[in-house]
Amino acid sequence: MLARVRRVRGRAEAVALERLELGASGVCLFATSPAHAKRLAKALAAEGAEHTSLALVRGVARASGRVGALRYRRRAVVAGHALLEVRAPHGAKAPIRRALAAIGQPVLGDERHGHAPSNRHLFERAGLDRSFLHVASVRFVHPASGAPVAIEAPLAPDLAAVLERLGSAE
């Protein structure tokens, strides 16, 4: 992805500020130069900065909970599984996929930490061919202006189609 950004005119020095988890979609941040990257990285690590992700997990998770630095809230029950909104301070150490698997709620479609029979079933029933993990928003305070910044990405079309096929629109 970084190579594609660097091909944009005037962005040859672009720097990725973070990496999306394997198979995830949504907000991914880049700085236009290494100098900008340092300032933005500090802003993203500051108190109050966070990212919000949506994850469809195996089974029906509790209505809300916490896994280390991650907080989650169940947004819906979809075909016997839970659609979670997961909030994490930016730069949280544990990947969401691993943290949710550790509490017995693996992200559906996740080949590494997921549940293979459930993944197979969701592929056959709803066409889920990757992790159902989407970075919906990133919030932080802009380092130069001091203004709050909120960057949002609508749910990826393939994931929205999975919810629809399972009988639930987000």
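Look above for the structure.
Let's shift gears to the overall build of the chain. On a plain count of helices and strands, the chain comes out with five helices and nine strands. Its helices and strands taken in sequence order, the chain reads α-β-β-β-α-β-β-β-β-α-α-β-β-α from the N to the C terminus. For the chain, the C-alpha radius of gyration of 17 Å lies close to 15 Å, the compact-globule estimate for 170 residues. The principal-axis extents of the C-alpha atoms in the chain amount to approximately 45 × 35 × 25 Å. Counting every position in the chain, which comprises 170 residues, the buried fraction comes to 40%. Restricting to contacts in the chain with at least 6 residues of sequence separation, those with at least 24 account for 54%. Of the roughly 9,400 Å² of accessible surface on the chain, a fraction of 52% belongs to carbon and sulfur atoms. Averaging the locations of the 26 positively and 14 negatively charged side chains of the chain gives two centres separated by 5 Å.

A separate point is the pattern of salt bridges. Per the stated rule, a full pass over the model turns up nine salt bridges. Measuring nitrogen to oxygen at the nearest pair gives 3.3 Å for the salt bridge that ties Glu-85 to Arg-87. On the accessibility criterion, Glu-85 (10% relative accessible area) is buried. Classification of Arg-87 as partly exposed rests on a relative accessible area of 27%. A salt bridge links Arg-139 to Glu-152; its shortest N-O distance comes to 3.1 Å. With a gap of 13 residues between them, Arg-139 in strand E8 (residues 133–141) and Glu-152 in strand E9 (residues 148–152) connect regions that are remote in the sequence. By relative accessible area, which is 33% here, Arg-139 ends up partly exposed. Ionic contacts of the salt-bridge type, sharing partners, join the residues Glu-50, Arg-71, Arg-73, Arg-75, Glu-85 and Arg-87 into one network.

Parameters at a glance
- The residue count restarts for each chain, going from 1 along the sequence in the order it is written.
- Totals for whole chains, interfaces and linings use every residue, but because this is a predicted model, local features are given only for residues with pLDDT of at least 70 and side-chain atom pairs only at 80 or more, for both listing and counting.
- With hydrogens and water stripped out, all remaining heavy atoms of the structure feed into the side-chain values.
- Helix and strand assignments come from DSSP, with helices taken as H or I runs of at least 4 residues and strands as E runs of at least 2, each series counted from the N terminus.
- Only C-alpha atoms enter the radius of gyration; for comparison, a globular chain is expected to reach 2.2 Å times N to the power 0.38, where N is the number of residues.
- Three labels apply to residues, based on accessible area from a 1.4 Å probe with only protein chains included: buried if under 20% of the type maximum, exposed if over 50%, partly exposed otherwise in between.
- Contacts are residue-level and defined by heavy atoms, with any inter-residue pair within 4.5 Å sufficient.
- Using the Shrake-Rupley algorithm and a 1.4 Å probe, accessible areas are obtained, with residue cover drawn only from the displayed protein chains.
- For this count, His and the chain ends are skipped, Lys and Arg are scored as positive, and Asp and Glu as negative.
- The atoms used to mark charge sites are NZ of Lys, CZ of Arg, CG of Asp and CD of Glu.
- Every case where a carboxyl oxygen of Asp or Glu lies within 4 Å of a side-chain nitrogen of Lys or Arg is listed as a salt bridge.

The analysis is restricted to geometry; functional conclusions fall outside its scope.
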